[in-house]
Amino acid sequence: MVPKVVFPDNKGDALATTGKTKQSKQSKQDYRVVAQKLRAQRESLPIFSARSAIVKQVRAHPTVIVVGETGSGKTTQIPQYLLESGFGTIAVTQPRRVAATSIAKRVAEEVGTPLGGRVGYTIRFEDCSSERTQLRFCTDGLLLREILSDPLLRRYEVVVLDEAHERTLRTDILLGMLKDIQRERKRVAELNQQAPEAEEEEEEEEWHRDHRSHGTHVTFDEPEAPVAAEAEAPAVASAVVDSVHGDVTGVGELKIIVMSATLDAERFAAYFDAAPILYVAGRQFPVTTYYTTTPQADYLDAAHLAALQIHTETPSTSGDILVFLSGQEDIESVERLLRESAGSFPAGVPALLPCPIFAALPQAQQALVFDAAPEFTRKVILATNIAETSLTIPGIRHVIDSGVHKARGFDPRVGESLLVEPVSKSSARQRAGRAGREAPGFCYRLYTEADYAQLAEDGVPEIKRCRLSMVVLQLKAAGVDDVMGFDFMDRPSKKALKHALLELFALDALDDQGALTPLGRWMAEFPLEPAYAKVVYASQAAGCTREAIDVVALLSVDSLFYAPADKRDESNAAQAVFRSSDGDHVTLLNLLRAYTAVNGDAEWCKEHFVNRRNMKHVLDVRVQLNRLCARLGLDTQRSCGADVDAVLRCFLAGFFHNCALLQPDGSYRSLSGSQAVHVHPGSALFGKKTPAIFYDQLVFTNKLHARGVSAVDPLWIAQAAPKLYGRLSK
Ligand code: ADP
Ligand code: MG
């Protein structure tokens, strides 16, 4: 159950922290010094001895699956090995932004170049790369978007799909698309090779294509010099024209590497036509696991108490504590509790330093997790799933596992939900394993052993439990017409796919033949759910693009207000100044205006119980959205001033499927699924009655709660979606 292999301890200076990189001031020499220091650590990783074997396999096979314990060096080392062996441009995908940025930073240090040079990253709303970048860390969503503008991903010679075991929605689509692209590139590469006599050999090529599934793999001859040469190649003399892709000169085969932290490799291998599996040894010390004797009513309290208990009962030199929680709200609650307790430690007790890490955390703060704690101080890292396999945080010896995570759910009748749910056994094992990276460790599960026994063995791939409109739009935009027939590794239900097709049709992204409309193509460029893309698009004609972008940015974070349990009334009163009878969207706009007016003053945020961290994030997102919209041809300054109706009507253009009507008995019923819907207690419209509402999302707790709710005129709904609700207008 708990990893049991004990490896000899040769960690040496493995955990030497590299200090902060002050890029502008560092000289080439400084970069080299840092890289040199990290060299010994790199070479002490278990994966180092497998270096040439890995490179050899990648040369010999189109696809390779790599499995290895978290921390063995898959993510940071394998891309470097390929780079050192002369492979061309490499993309490494991560399911999370935080992972992409912090791993890129680490690898740039190891390589000895400034971040954004030879090693860089690109994530939604943030690009830290250049033409020189040969090793690019990016989110899986970003690579998907790249396929739209570069259907063969010709700029990459290798794509590494990391953390594949997580089976996020985007990883799954990428798996399918990359498989397609690989096949196409092989065909094109062969075409390139036989270009001079292309016509005579075409038939034979066809025959090979059909009879290729068995037999030996193509050996990779000297890798062609990729990108640079390709860009400069004189198109006239050597252009090979392919009937599907146009000029395909210089396009070579695509190598795919799928990396996973769990032993589910056979499925990936089978999916990629019997690709070889490489097992990388890890270094794992034994972890002693404890369970609670009784179920815990409140895991946040339990986590707080467990952390205090570990801290006071073990010397602070016995290692840091890592707490797994479900999301930002959990993390911030526990952070607050710990700060309060830590303030009243008796003299002699070492300090306790809470370090949160989650997706929306600004980068400067994420970095704190990796820094060594000051003297006489113990770090308590409060993390989401991000620390389960993506990030290796040094110094951890104690893990507290809440046993929950946030999981997306989708039911075409009800809508989307984001619920706190029990993790799988395989997740719980990964979490425990984090305590034994450097020495024997301890894992405290905040649930009983009987509860553990009840957990599912593995999680369900996200593609089987979420809204698919974004997926389908991306597939269509990438030229996959037959979405139902797409080669998914795990097929989503027909019902969910059909629902997505219908939604896209209603959004005018698809025509009645299921083909992408020009608007659909425009929406696909947008790194947001199609519904939001539609809102922004509609805002142009309605003259409220500035406000629409503001609201979309505001909705991009979980919570902007907070309400400590003991100060509910106080926070309620302080926030009343923003509250609008139009609902939450206008309330958020009011908040943003007030926040901007005081320049994001920290005191002001405190007084109004406004989450300043998240407000800063909103401003970042807004900058990026403005840039993107300008690039897509919108006038981002178009403003409706005080006419907020215009904004709400624009939102309906995207969210008409998230509407509910007031019933004679005072309850709300959803228009599309006829479900009872309750306004969330945190909403500005809680307890108010209005003929119709639309909402951003439904959250199922004990009943269906609508969050992000605004009041609208029922007629607007019919006008927004005549294809669905035309009858309402009668
Ligand atoms: P894997 O992908 O197999 O889980 P990684 O490549 O992420 O492993 O990490 C390999 C090793 O590199 C870790 O065990 C750790 O020692 C070191 N490491 C990675 N990132 C950092 C970092 N940001 N700071 C310090 N050490 C790191
Ligand atoms: Mg990794």
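Note that the structure is a prediction, hence the values are computed from the model and not measured.

Further remarks concern the packing of aromatic side chains. Taken as a whole and judged by the stated rule, the model has 14 aromatic pairs. A centroid spacing of 4.9 Å and a plane angle of 80° characterise the contact between Phe 486 and Phe 488, whose relative ring orientation is edge-to-face. Pair check on accessibility: Phe 486 and Phe 488 agree, each one buried. Ring centres of Phe 561 and Phe 578 lie 5.8 Å apart, and the angle between their planes is 25°; this geometry places the pair in the stacked category. Of this pair, Phe 561 sits in the loop between helix 21 (545-555) and helix 22 (568-575) while Phe 578 sits in the loop between helix 22 and helix 23 (584-597); the two residues are 17 residues apart in sequence, bridging distant segments of the chain. On the accessibility criterion, Phe 561 (25% relative accessible area) is partly exposed. A cation sits over an aromatic face here: Lys 179 above Tyr 271, 4.1 Å from the ring centre. Directly above the aromatic system of Tyr 452 lies the positively charged group of Lys 425, at a separation of 5.8 Å from the ring centroid.

Most of helix 5 (residues 140-149) is tucked away, with 9 of its 10 residues classed as buried. By the burial criterion, the buried members of helix 5 are Asp 140, Gly 141, Leu 142, Leu 143, Leu 144, Arg 145, Glu 146, Ile 147 and Leu 148.

This brings us to helix 23. For helix 23, which comprises 14 residues, the first-to-last C-alpha distance of 20 Å matches the rise-based estimate of 20 Å (1.5 Å per residue) to within 8%. Those residues of helix 23 that are buried are in contact with helix 21, helix 24 (602-607), helix 25 (612-631), helix 26 (644-655), strand 22 (692-700) and strand 23 (704-712). A positive phi of about 60° marks Asn 599, the residue just after helix 23.

By the secondary structure assignment, Asn 192 is in helix 6 (residues 169-193). Each residue touching Asn 192, except ones within four places of it in the same chain, is listed here: Val 240, Val 248, Thr 249, Gly 250 and Val 251.

Here the structure, examined in full by the defined rule, presents 0 disulfides. Free of any disulfide, Cys 640 has its nearest cysteine sulfur in Cys 544, 4.8 Å distant.

On to the site of ligand 1, then. In the vicinity of ligand 1 there are 14 residues, among which Gly 71, Lys 74, Thr 75, Thr 76 and Arg 437 approach most closely. Within the contact set of ligand 1, an oxygen atom lies 2.6 Å away from a side-chain nitrogen or oxygen of Thr 75. Note that a nitrogen atom of ligand 1 is positioned 3.4 Å from one of the side-chain N or O atoms of Arg 106. Relative to its unbound accessible surface of 560 Å², ligand 1 loses 93% to contact with the protein. Ranked by residues supplied to the shell around ligand 1, first place goes to helix 3 (residues 74-84) with 3 residues. Considered class by class, the residues forming the shell around ligand 1 number 2 nonpolar, 8 polar and 4 charged. No fewer than three residues from each of domain 1 (31-193 + 252-280) and domain 2 (287-463) sit in the shell around ligand 1.

With parallel pairing, the 6 strands of this open sheet are ordered in space as 11-18-15-12-14-13. At either margin of the open sheet sits one strand with a lone partner, and together these are strand 11 (287-291) and strand 13 (351-357). The mean inter-strand angle of the sheet, taken between neighbouring strand axes irrespective of direction, is 20°. Taken together, the 4 bridges between strand 12 (residues 320-324) and strand 14 (residues 377-383) define a ladder with parallel strand orientation. Along strand 14, the bridge assignment pairs Leu 322 with Ile 381.

Turning next to the sheet that holds strand 5 (residues 135-139). One open sheet accounts for 8 strands, arranged 4-3-5-2-6-9-1-10; its pairing is mixed. Of all the strands in the sheet, the pair left with one neighbour each is strand 4 (126-128) and strand 10 (277-280). Sheet twist, expressed as the mean angle between neighbouring strand axes with direction ignored, is 20°. Sheet strands touched by helix 2 (residues 51-60): strand 1 (63-68), strand 9 (255-260) and strand 10. Its angle to strand 9, the strand with the most contacts, is close to 135°.

Another aspect to go through is the packing of helix 20 (residues 530-542) against helix 26. The geometry of helix 20 relative to helix 26 is characterised by a closest axis approach of 7 Å and an angle of 140° between their N-to-C directions. By the criterion of interaxial angle, the relationship of helix 20 to helix 26 is oblique. The chirality of how helix 20 crosses helix 26 is right-handed. In this structure, helix 20 contributes Ala 531, Tyr 532, Lys 534, Val 535, Ala 538, Ser 539 and Ala 542 to the contact, and helix 26 contributes Ala 646, Cys 650, Phe 651, Ala 653, Gly 654 and Phe 655. The residue makeup of the contact of helix 20 with helix 26, split by class, is 10 nonpolar, 2 polar and 1 charged.

Most of strand 14 sits inside the fold, with 7 of its 7 residues counted as buried. Side chains of strand 14 alternate between two faces, with Thr 377, Lys 379, Ile 381 and Ala 383 and Arg 378, Val 380 and Leu 382 buried alike.

Further remarks concern unusual backbone geometry. Even without being glycine, Phe 376 reaches a positive phi, approximately 55°. Mapped onto the fold, Phe 376 is located in the loop between helix 13 (363-366) and strand 14. For Phe 376, a relative accessible area of 65% puts it in the exposed group. A positive phi angle, close to 65°, is found at Asp 508, a residue other than glycine. Summarising the element assignment, Asp 508 is placed in the loop between helix 18 (494-506) and helix 19 (518-524). By relative accessible area, which is 32% here, Asp 508 ends up partly exposed.

The rules behind these values
- Within each chain, residues carry numbers counting from 1 in the order of the written sequence.
- To label them, take the chains in the order written and letter them from A, then take the ligands in the order written and number them from 1.
- Since the coordinates come from a predicted model, pLDDT governs what is reported: local features require at least 70, and pairs of side-chain atoms require 80 or more to be given and counted, while whole-chain, interface and lining totals use all residues.
- Processing note: side-chain calculations cover all non-hydrogen atoms of the structure and skip hydrogens and water entirely.
- In summary, the pairing rule links any two rings of Phe, Tyr or Trp, Trp by its six-membered ring, whose centres are within 6.5 Å, and it sorts them by plane angle into stacked for under 30 degrees, edge-to-face for over 60 and tilted for everything else.
- Burial classes follow relative accessibility: with a 1.4 Å probe on protein chains only, a residue under 20% of its type's maximum area counts as buried, one over 50% as exposed, and anything between as partly exposed.
- A helix here means a DSSP run of H or I that spans at least four residues, while a strand means a run of E at least two residues long, and both kinds are numbered starting from the N terminus.
- Geometrically, a charge over a ring is one whose NZ (Lys) or CZ (Arg) sits within 6 Å of the ring centre while staying within 35 degrees of the ring normal.
- By definition here, a helix of n residues has an expected span of 1.5 Å times n minus one.
- Residue contacts follow a heavy-atom distance rule, with two residues in contact if any of their heavy atoms lie within 4.5 Å.
- What counts as a disulfide here is a pair of cysteine sulfur atoms lying within 2.5 Å.
- If a single non-hydrogen atom of a residue is within 4 Å of a molecule or strand, that residue counts as near it.
- Here a polar contact means two N or O atoms within 3.5 Å. Within protein one must be a hydrogen donor candidate and the other an acceptor candidate, and residues neighboring in sequence count only if both atoms are side-chain atoms.
- Shrake-Rupley sampling with a 1.4 Å probe provides the accessible areas, and residues are treated as covered by the protein chains on show and by no other component.
- Amino acid classes used here: Ala, Val, Leu, Ile, Met, Phe, Trp, Tyr, Cys and Pro are nonpolar; Asp, Glu, Lys and Arg are charged; the rest, including Gly, are polar.
- Residue ranges assigned to each domain were obtained from an automatic or database domain assignment.
- Whether two strands pair depends on DSSP finding at least two bridges between them.
- Note on geometry: axes are lines fitted to C-alpha atoms, helical ones only across the stretch in contact, with angles between N-to-C directions running from 0 to 180 degrees.
- Orientation categories follow fixed angle ranges, with anything under 35 degrees roughly parallel, anything over 145 roughly antiparallel, 65 to 115 roughly perpendicular, and all other angles oblique.
- Left-handed is the label given to a crossing in which the near helix is rotated counterclockwise from the far helix by less than a right angle, and right-handed is the label when the rotation is clockwise.

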